[in-house]
Amino acid sequence: MANKYSTTPVTPILLVVAIVAVILIGLYLLIQVIFPSSNPGQSVTSDQQALLESAVDSSIRMTVRGPIVAEENFRSYQVIISPINRSLVISKGYQGQEINRVPLSNNTPSYEQFTGALNQANFVKTNSTNYDDNLSGLCASGVLYKFEIVKANQAVKQLWASSCSSVRGSLGANLDTILKLFAAQIPNYRSLTGDLWP
């Protein structure tokens, strides 16, 4: 006659299986946190596609306009990054008379790293506030920043921001992060642009 108090081996086995399952799920979640991977099903917007395009006629352009002052004292500059070239062009006056140009070469892998970094920084994110693209006279005492994704010499996306707290602009990304990425593309950027306006 079997001992009525004997236990079957099923209970300990189920307990071990449950513990192992919990450990495996925990390890999976920990790996996802430490090594996040992009979701292959995640959609890429048309703006992101334009940003990440690396054809030779693609470029990213930043135009920086200083305070609105007398014609003789007005300064602005552009940083243009493409898969084959980088340039910094400094201009004076409202008609954009070029006073300094720094031409540099580039290559596709470098460009892809730059646009990838912009994408990671949410470069194409738009501020929810509705702004038009007429920037004339905005932030007259400060600095205005215009960013463009260019394809075949045509801007397919434009975003802007300013140093004036009352004029936020359409750029939804962090302005300081974006400016640092552009500045890092041009050697001696700070010394070339640092004294253009007070």
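> I would appreciate a short explanation of the overall build of the protein chain in the present structure.
For the protein chain, the count of helices and strands is five helices and six strands. N-terminal to C-terminal, the α/β element order of the protein chain is α-α-β-β-β-β-α-β-β-α-α. Of all 198 residues assigned to the protein chain, the portion counted as buried reaches 36%. Partitioning the intrachain contacts of the protein chain with sequence separation of at least 6 by distance along the chain shows that 60% fall at a separation of at least 24.

> Would you take a moment to explain the packing of aromatic side chains for this structure?
One pair of aromatic rings is described through two measures. These are the centre distance and the angle between the planes. This structure, assessed with the given rule, holds six aromatic pairs. Both rings, one in Tyr-77 and one in Tyr-189, keep their centres 6.0 Å apart while their planes meet at 75 degrees; by these two values the pair is edge-to-face. You can see Tyr-77 sitting in strand 2 (residues 75-81) and its partner Tyr-189 sitting in helix 5 (residues 189-193), a full 112 residues away along the chain. As far as burial versus exposure is concerned, Tyr-77 and Tyr-189 are alike and both buried. Aromatic pair Phe-147 and Phe-182: ring centres 5.7 Å apart, planes at 40 degrees, arrangement tilted. Residue Phe-147 is located in strand 5 (residues 144-151), and its partner Phe-182 is located in helix 4 (residues 175-183); the two are separated by 35 residues in the primary sequence. Since its relative accessible area comes to 1%, Phe-147 is described here as buried. Ring pairs connect the aromatic residues Phe-114, Phe-123, Phe-147 and Phe-182, which therefore count as one cluster.

> Explain the state of the cysteines here, please?
Put plainly, two cysteines are in a disulfide when a covalent bond ties their sulfur atoms together. Inspection of every chain in the model, using the stated rule, returns one disulfide. Here Cys-139 connects covalently by a disulfide to Cys-164, the sulfurs 1.9 Å from one another. Across the S-S bond linking Cys-139 and Cys-164, the dihedral sits near 85 degrees, which makes this disulfide right-handed. Note that Cys-139 is positioned in the loop between helix 3 (108-120) and strand 5 and Cys-164 in the loop between strand 6 (154-162) and helix 4, a separation of 25 residues in sequence. Judged on exposure class, the residue Cys-139 and its partner Cys-164 are both buried.

> It is not clear to me how the pattern of salt bridges should be interpreted in this structure. Could you clarify?
Where side chains of opposite charge bring their charged atoms close, a pairing between them can arise. This model, assessed by the stated rule, comprises four salt bridges. Measuring nitrogen to oxygen at the nearest pair gives 3.1 Å for the salt bridge that ties Asp-57 to Lys-151. Pair noted here: Asp-57 is in the loop between helix 2 (46-52) and strand 1 (58-65) and Lys-151 is in strand 5, with a separation of 94 residues, a long-range link. Given a relative accessible area of 33%, Asp-57 falls into the partly exposed group. Residue classification places Lys-151 among the partly exposed residues on the basis of a relative accessible area of 33%.

What counts and what doesn't
- Residues numbered from 1 in each chain as written.
- Predicted model: local features only at pLDDT ≥ 70, side-chain atom pairs only at ≥ 80, totals over all residues.
- Heavy atoms only, no water.
- Helix = DSSP H or I, 4+ residues; strand = E, 2+ residues; numbered from the N terminus.
- Buried < 20%, exposed > 50% of the residue type's maximum accessible area, 1.4 Å probe, protein only.
- Contact = heavy atoms within 4.5 Å.
- Phe/Tyr/Trp six-rings, centres within 6.5 Å; stacked < 30°, edge-to-face > 60°.
- Disulfide = S-S within 2.5 Å.
- Salt bridge = Lys/Arg side-chain N within 4 Å of Asp/Glu carboxyl O.

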